Amino acid sequence: MRVLKFGGASVKDAEGVENVAGIVKQFNQPMVVVISAMGKMTNAFESLVKAYFDRDFETMQVVKDKIVSYHQLLINELFSETSEGVIDDLLIKLDEKLASEPSLNFDFEYDQIVPFGELLSTTIVSAYLNEIDQKNQWIDIRKLLRTDDCYRDAGVNWELTSRLMKEKLSFDSTRLYITQGFIGSTENNLTTTLGREGSDYTGAIIAYALNADHLSIWKDVPGVLNADPRWYPKAQKIDELSYWEAIELTYYGAQVIHPKTIKPLQNKKIPLLVKSFLKPIDEGTVIDATEQSQKLGPIYVLKKNQTLLSMSPKDFSFILEQNLSDIFQILSKHQLKINLMQSSALNFSVCIDDHKNIGKAIDDLKKDYGVLFNTKMELVTIRHYTNAAIEEIMDGKEIVDSQVSRKTARYVVKESEWNF
Ligand code: ADP
Ligand code: ASP
Ligand code: MG
């Protein structure tokens, strides 16, 4: 069996849904199809939950109307009149939730509202496939994908999830299941989410549980490119990548695949195909257990919105294990993610994602350390660098910090225009 995952861009309008249906139709074998919220609907739901939490009823109404009319328009274009009520039950549930008082926990409320994006999209696609005689079963993944209660970044209960998925996705009465990415639930049936862009990860979880032949994720790009084409227009497709390389790239910030996706696939040696939903016949990129002996050219990753923090012990003690342990604890307590670190005898620097808690972390660090920080930074990684690649990318950039190892060159630079 195979698992296919379609992101928001692939189902952003009626034409997109028809295209996805065409791709699904091509494969006449057991399949689980995972779908994200349509278009930019997750962003819209994020605005909705914020208005709900802030008790801003006017914005709530405006955003909800926008969400409803977006889906309604798509349904009108897609279906004959008889299927018009296809999302009515979900909209009633959404209204019930919005009419209730929020709790004090924003992350919990987020997970009770934002998943409607995935519930709506899969309900529509499943109904459409049935209408065009692609018989399928809609699955509420929350009954199978069980997590802890870390809202907005839930951790998977692998044993329970694998068992439930094997039981319920048995292909006894259907060849095709349609289900949601990104969402799960606790043992108490409270909805959780796996973090933004988490639908790729859902695909990998299902592939792992069911020992799939492979997972394919369908994007608006030809495959994994050697840079984000929105940043570096000359980006080229990479035909094959090892699991190892793919994890390195997602760690450095390549946004094409959710970072948690690779591990479950690697653990069971399940290949990941990254393919274009615009050109489904084309080869795409294969990520598998290849020994990365083939020589990869330079791969570029840009991480925006960075802050560089530098710490020195006030008492001039060396930066030793105890200091490092203190610093890591403070950063972790404030949920700050380290993207690069450097140390010398009296100084320790980290490049971290911008985050609302940085100020609080600096206050804590200042008790024992002198702290300097630079905001408006960007982190550039050049994997498999060459001198020519470094020259091209770094031309005219103001470098604030750098780290060069055998395979990877990394630079913290001041934010400025990129012109290639
Ligand atoms: P999805 O529709 O599955 O959510 P995303 O929009 O999250 O897809 O991911 C696809 C986008 O990732 C592309 O449109 C591209 O702009 C961006 N991207 C960033 N880095 C890369 C890369 N190295 N290769 C290909 N695409 C990349
Ligand atoms: N819809 C969710 C998001 O936009 C999950 C995903 O698309 O992967 O983050
Ligand atoms: Mg996405």
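Before reading further, recall that the structure is shown in the block above.
Quantities reported herein were computed from a predicted structural model and do not represent experimental measurements.

**Q** What is the right way to read the side chain of threonine 285 from this model?
**A** If you trace the backbone, threonine 285 turns up in strand S10 (residues 285–288). Owing to a relative accessible area of 0%, threonine 285 belongs among the buried residues under this scheme. Among the polar contacts listed, one links the side chain of threonine 285 to the backbone nitrogen of valine 224, at a separation of 2.8 Å. When residues no more than four places from it in sequence are discounted, the contact partners of threonine 285 are Pro222, Gly223, Val224, Lys237, Ile238, Asp239, Leu272, Leu273 and Val274.

**Q** What is the right way to look at helix H2 (residues 41–53) in this model?
**A** Owing to its 3.6 residues per turn, the α-helix aligns residues three or four sequence positions apart on the same side. A rise of 1.5 Å per residue sets the reference length of H2, with its 13 residues, at 18 Å; its end C-alpha atoms lie 18 Å apart and thus fit the reference within 8%. Arginine 55 sits one or two positions beyond H2 and adopts a positive phi of about 60°.

**Q** Before we go on, may I ask you to explain the site of ligand 2 in this structure?
**A** As a matter of local geometry, ligand 2 sits amid Ser36, Ala37, Thr42, Glu118, Phe182, Arg196, Glu197, Gly198 and Ser199. At 2.7 Å, a side-chain N or O of glutamate 118 approaches a nitrogen atom of ligand 2. One nitrogen or oxygen atom from the main chain of serine 199 is found 3.0 Å from an oxygen atom belonging to ligand 2. Among the residues forming the shell around ligand 2, the class breakdown is two nonpolar, four polar and three charged.

**Q** What is the right way to look at helix H8 (residues 199–210) in this model?
**A** The first and last C-alpha atoms of H8 sit 17 Å apart over twelve residues, in line with the 16 Å expected at 1.5 Å per residue. In terms of burial, H8 is largely enclosed, as eleven of its twelve residues are buried. Among the residues of H8, those classed as buried are Ser199, Asp200, Tyr201, Thr202, Gly203, Ala204, Ile205, Ile206, Ala207, Ala209 and Leu210. Just downstream of H8 lies asparagine 211, where phi reads positive at about 50°.

**Q** What is the right way to read the site of ligand 1 from this model?
**A** Near ligand 1, the surroundings consist of 17 residues, among which Lys5, Lys219, Asp220, Leu225 and Arg230 are the closest. Within the contact set of ligand 1, an oxygen atom lies 2.9 Å away from a side-chain nitrogen or oxygen of arginine 230. Taking 570 Å² as the accessible area of ligand 1 by itself, protein coverage stands at 88%. Of the residues contributing to the shell around ligand 1, the split by class is seven nonpolar, four polar and six charged.

**Q** Hey, could you run me through unusual backbone geometry in this one?
**A** Residues apart from glycine generally show negative phi values, whereas peptide bonds are mostly found in trans. The backbone of phenylalanine 171 shows a phi angle near 60°, a positive value even though the residue is not glycine. Tracing the chain through its elements places phenylalanine 171 in the loop between helix H7 (158–168) and strand S4 (176–180). In this structure, histidine 384 is a non-glycine residue whose phi angle is positive, near 55°. In this fold, histidine 384 is placed in the loop between strand S14 (369–383) and helix H13 (387–394). The buried category is assigned to histidine 384, whose relative accessible area is 17%.

**Q** Please clarify how the pattern of salt bridges should be interpreted in this entry.
**A** When charged atoms on two side chains of opposite charge get close, those side chains can pair. Evaluated as defined, the whole model comprises 20 salt bridges. One salt bridge in this structure joins lysine 135 and aspartate 133, with 3.5 Å as the shortest N-O distance. On the basis of relative accessible area, aspartate 133 is assigned to the exposed category, the value being 56%. Salt-bridge contacts for lysine 237 lead to aspartate 239; the nearest nitrogen and oxygen are separated by 2.8 Å.

Rules of the game
- Residues numbered from 1 in each chain as written.
- Chains lettered and ligands numbered in written order.
- Predicted model: local features only at pLDDT ≥ 70, side-chain atom pairs only at ≥ 80, totals over all residues.
- Heavy atoms only, no water.
- Helix = DSSP H or I, 4+ residues; strand = E, 2+ residues; numbered from the N terminus.
- Buried < 20%, exposed > 50% of the residue type's maximum accessible area, 1.4 Å probe, protein only.
- Polar contact = N/O pair within 3.5 Å; in protein donor to acceptor, adjacent residues only side chain to side chain.
- Contact = heavy atoms within 4.5 Å.
- Expected span 1.5 Å × (residues − 1).
- Near = heavy atom within 4 Å.
- Nonpolar A, V, L, I, M, F, W, Y, C, P; charged D, E, K, R; others polar.
- Areas by Shrake-Rupley, 256 points an atom, 1.4 Å probe, with all protein chains shown as cover.
- Salt bridge = Lys/Arg side-chain N within 4 Å of Asp/Glu carboxyl O.

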